[in-house]
Structure formats: structure tokens, C-alpha cells
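The lines below spell out each chain.
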Amino acid sequence: MAGQYELLLEGAQQLVLVCTKGEKYLLQSGMQNLAVLENASVVIGKDGYIKAAGDASAIRNQFSGVPFEKIIDCSGKCILPGLVDPHTHPVWAGDRVHEFAMKLAGASYMDIHQAGGGIHFTVEHTRKTSEDELLQRFKQRLLRMLRGGTTLVECKSGYGLNLETEIKMLRVIERARQELNIGISSTYCGAHSVPKDKNALEATDDIISVHLPKLKELDRNGEIHVDNIDVFCEKGVFDLSSTRKILQAGKDIGLQINFHGDELHPMKCAELGADLGAQAISHLEEVSDEGITAMARAKCAAILLPTTAYILRLKQPQARKMLKEGVIVAIGSDFNPNAYCCSMPIVMHLACVNMKMSMKETLAAATINAAYALGKSDSHGSIEIGKQGDLLIINSSRWEHLIYQFGGHQELIEYVIVKGKVVYKNTNILDY
């Protein structure tokens, strides 16, 4: 056994496993019974995967005399799974702080979009920015997410809208995946908006006949790997017919469907996603009752984005109804120039207050269910033997403080661990 073990997290006041039976997701009833142990320890092997998690005395006996590269005393602290952010737009240049002022003055999202702002403003700046500069900004944002407890994050392209810039953004995502100790799920979102030089039908044809074949070629050559395909299905952007064509074409080359739907207007996106076998649909502020039923039946995850509804003053997604109807509910930050929040603890707090989710529901939505939304709940989202060793240690005797302390995670999260390696240690910890 010598030399096989990387890390021992010993004697935590609480160990939040989330799951214990290899569940791929939790529905409402399962969320109420999150697995939480008292006085518990975790062992992570040299390969970065969890080898043991349970009673501290039993683990002490099991691994008596076994050397570890590192031991962390977790007395009085809590261990949780690393958080999973299943919806972000983190590769871009050109912030939109001026548009925040416009929104505060009463302008709607589509008012700004139709005036050439919004996505188009960011596209203009992103096209002009070099790959290296985009990478540096992107890495800074990822490290900020990591310090907030996110260990797996979905990252979209979508601020290029032409082949050259979309590929540039996907290369940036691929380079960061290789260079940083944070899990990344890469999403092609070339249908984020209709380019100014095309109409929606022309843009749809360009994506299907030019962009997707190029992605397939680059993946086959090992240059970039893309996991998901996304479309902004919305009135005045891509309609249901175009969305279906693009998503199906992406699915045909092996991409998971994970798209924006039913955000500003009811578009029957939930029904479409269920029909296409989508892994997840995001937003859903305007989802229909029939769409909720279809998503529950199809086991299509709902990625709810409380920061977006908050910042745009939209009605809140129907989290309670979705949970009651058996939908797999996940939550994400929607980090982008329009909704600048990269803190999953803040997202969880907003989900509790504004979407009326419980803290247990919210933690499950930000871990195992968010991992499911990315097709990664077999390896992420809970603390179970055989899963990747992505964990947080917080300086509190109760795990709920991660959500309760609104904006307080900077002095609460003490360690962030990815694949058994400490990737962040907080030196500003205070006792409360």
C-alpha cells in the first residue's frame, strides 16, 4: 500500500458525500436526504481518485501505518464536493458595464441587443483580441471561479459568430484545459446570435455546412475537443426550426445537446430538447407546463440561472414546480459580460432566496445534478469511492455556511482540491 496515497483529509466535523449509491442525479426526494457524515475522513490516491470516505476511526484503522504525501487536519471543518458550474460564457473581451447602467434605467435585454449592443458589442471586441490575450483573461476568470469552489466548469464559445473567431475561442478553452487544474467541459455556441452579415437561415446553413465539419476535423486531429453544442433559441434570434437543425447536426457528430431555451419568450424549447434527447436546457423562465412534463420524462436536466433572472429582472424560473414534477434541477452562474458573477456560493444563495429552493436542494443542484447536466456525474459531483478527488474544505462546523454567508466565501473556503492536489489554500481565513 505504500506510496499509493496522495492525500488524507482527517476528522472533519461534517463530510457531505451528497450521494452514496452511485446515483447519476437526485430528484426532489433524494435531495432532502443528502448524505452527511459526522467525524469523517477522506482518502485520495495518487491517481487523483477517492479511495475511501467515511468514519474517521474506521479509516484511521484501515490505513494505519500507510504513508500519505499530505495530511490535512479537518477538525471543526466541513468537506464538500467541488462545485460544478454547468453554464458560463467566460471567453471574451470588452466588458458591458455601460449596459448595466442602461438596464438600471429601464432598457430590456432585447432593447440593447437590437440596438447593436449586448452580444454584438462583445463579438466586436472578441474578434479583435488575440488568442493569447483572450487566454490570459480567461485564465484569470477561471482562477477566480476556482477560489469560489468551482472545480468543474462548462465554458462556451459564442462571441465570434464567424468560423475564425469561434475556433479561436475553442482553442483558448482547450489551452486552458491543458494548463490549469480545473475541469472544463467545452461547448460550441456559434449560434449564440445571428451575425450582422447574415440572416438566421444563412447563419444556420453556415453552422451546419462549415462550422460543424471543421470542429469534427479539429477533434479528429486532436487539436481541440468539444463536448457540447448550444443554440440561443429565442424570438428574433434562432427559431425552433433552425435550432432543431443545428442541434441535430451537432448530435450527429457526437456532441451533447445543452442549449438556451424558453428564456425571454415561450418557444417550446423544453419540448424540443426532450424530443432530441438533450442532456440539458438552460434558463427556462418561460417554460410551459407541457415542457416541464416532457423534460421530466426524458431525464433532461434543467439548468436554472438565478443570477440572470436577478440582473435582468426577469420572472424567476419555476424551480419548485420542476422539482415537484420530477425534473432534474441544476443551477449555474451564467457568467458573462451581461451577468458578471462567477461565484457558485452566491448563485446557491440566490437560488434559495429567489427560487425558494432549500439549502440541501441547492447543494445537490450545484454538485451531482450540475455534473449530470454535463454528462459527468459518473466521475464528479459527489464524494464516493472511485470518483475524482475534487473537494472543498470550509472553515465552519456546518456545511450550510457555504450558502448562508452571502458573499462570504472568500474567508470561508480554506482549501480547494482537484484530483487530490491542493490547488488553492486560503491564507485569509477568519474564525466566526
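Under the annotation held in an unreviewed UniProt entry, the protein carries the name Probable imidazolonepropionase and is attributed to Gekko japonicus.

J.: Honestly, unusual backbone geometry in this entry has me stumped. Any pointers?
T.: Glycine aside, residues mostly have negative phi angles, and peptide bonds mostly take the trans form. Positive phi values are uncommon outside glycine, yet D262 reaches one of about 50°. Looking at where D262 falls in the secondary structure, it is placed in the loop between β10 (256–261) and α10 (269–276). With phi around 55°, D334 is a residue other than glycine that occupies positive phi space. Here D334 lies in the loop between β13 (329–331) and α14 (344–355). D334 sits in the buried class, given a relative accessible area of 3%.

J.: Explain the UniProt feature "domain: Amidohydrolase-related" (unreviewed entry) in the protein to me, please; I cannot follow it from the model alone.
T.: UniProt feature "domain: Amidohydrolase-related" (unreviewed entry): in the numbering of this structure it lies at residues 79–423. Split by type, residues 79–423 is 44% helix and 16% strand. Its first and last C-alpha atoms lie 15 Å apart.

J.: Would you explain the packing of helix α9 (residues 240–252) against α10 in this entry?
T.: Helix packing geometry: the angle between the two helix axes and the distance between the axes. Two elements in contact, α9 and α10, have axes whose closest approach is 11 Å; the angle formed by their N-to-C orientations is 25°. In terms of orientation, α9 lies roughly parallel with respect to α10. Classified by chirality, the crossing of α10 by α9 is right-handed. For the pair α9 and α10, the contacting residues are L240, T243, R244, L247, Q248 and K251 in the first and C269, L272, D275 and L276 in the second. Looking at side-chain class alone, the contact of α9 with α10 contains 5 nonpolar, 2 polar and 3 charged residues.

J.: Sorry if this is basic, but what is going on with the side chain of N228 here?
T.: Tracing the chain through its elements places N228 in strand β9 (residues 228–231). A polar side-chain atom of N228 sits 2.9 Å from a polar atom in the side chain of T187. Discounting chain neighbours no more than four positions away, the residues touching N228 are E154, S185, S186, T187, Y188, L255, Q256 and N258.

J.: How do you make sense of the pattern of salt bridges when you look at a structure like this?
T.: If you walk through the whole model with that rule in mind, you get 24 salt bridges. Put simply, E174 and R177 hold a salt bridge, and the shortest N to O gap is 3.3 Å. Within this pair, E174 and its partner R177 are both found in helix α7 (residues 163–179), separated by 3 residues, close to a single helical turn. The residue R398 makes a salt bridge to E400 at a minimum N-O spacing of 3.1 Å. We classify R398 as partly exposed; its relative accessible area is 46%. Through salt bridges with shared partners, a single network forms among E6, K46, E69 and K421.

J.: Can you walk me through the sheet that holds strand β12 (residues 301–304) in this structure?
T.: One key point about sheets: their strands pair by backbone hydrogen bonds, in either a parallel or an antiparallel sense. Ordered in space as β6-β7-β8-β9-β10-β11-β12-β13, the 8 strands form an open sheet in which the pairing is parallel. With partners counted over all chains shown, the strands left at the sheet margins are β6 (83–85) and β13, one partner each. Averaged over all pairs of adjacent strands, the angle between strand axes in this sheet comes to 25°, irrespective of strand direction. The pairing of β10 with strand β11 (residues 280–283) spans 4 bridges and is parallel. Within β11, the residue paired with H260 across the bridge is S282. In this fold helix α6 (residues 131–147) packs onto β7 (150–156) and β8 (183–191), with an angle of close to 145° to the strand it touches most, β7.

Each value, and the rule that gives it
- Residues numbered from 1 in each chain as written.
- Predicted model: local features only at pLDDT ≥ 70, side-chain atom pairs only at ≥ 80, totals over all residues.
- Heavy atoms only, no water.
- Helix = DSSP H or I, 4+ residues; strand = E, 2+ residues; numbered from the N terminus.
- Buried < 20%, exposed > 50% of the residue type's maximum accessible area, 1.4 Å probe, protein only.
- UniProt positions renumbered as here; feature names shortened; annotations may be inferred.
- Axes fitted to C-alpha atoms, helices over the stretch in contact; angles between N-to-C directions.
- Parallel < 35°, antiparallel > 145°, perpendicular 65-115°, else oblique.
- Left-handed = near helix turned anticlockwise from the far one by under 90°.
- Contact = heavy atoms within 4.5 Å.
- Nonpolar A, V, L, I, M, F, W, Y, C, P; charged D, E, K, R; others polar.
- Polar contact = N/O pair within 3.5 Å; in protein donor to acceptor, adjacent residues only side chain to side chain.
- Salt bridge = Lys/Arg side-chain N within 4 Å of Asp/Glu carboxyl O.
- Pairing = 2+ DSSP bridges.

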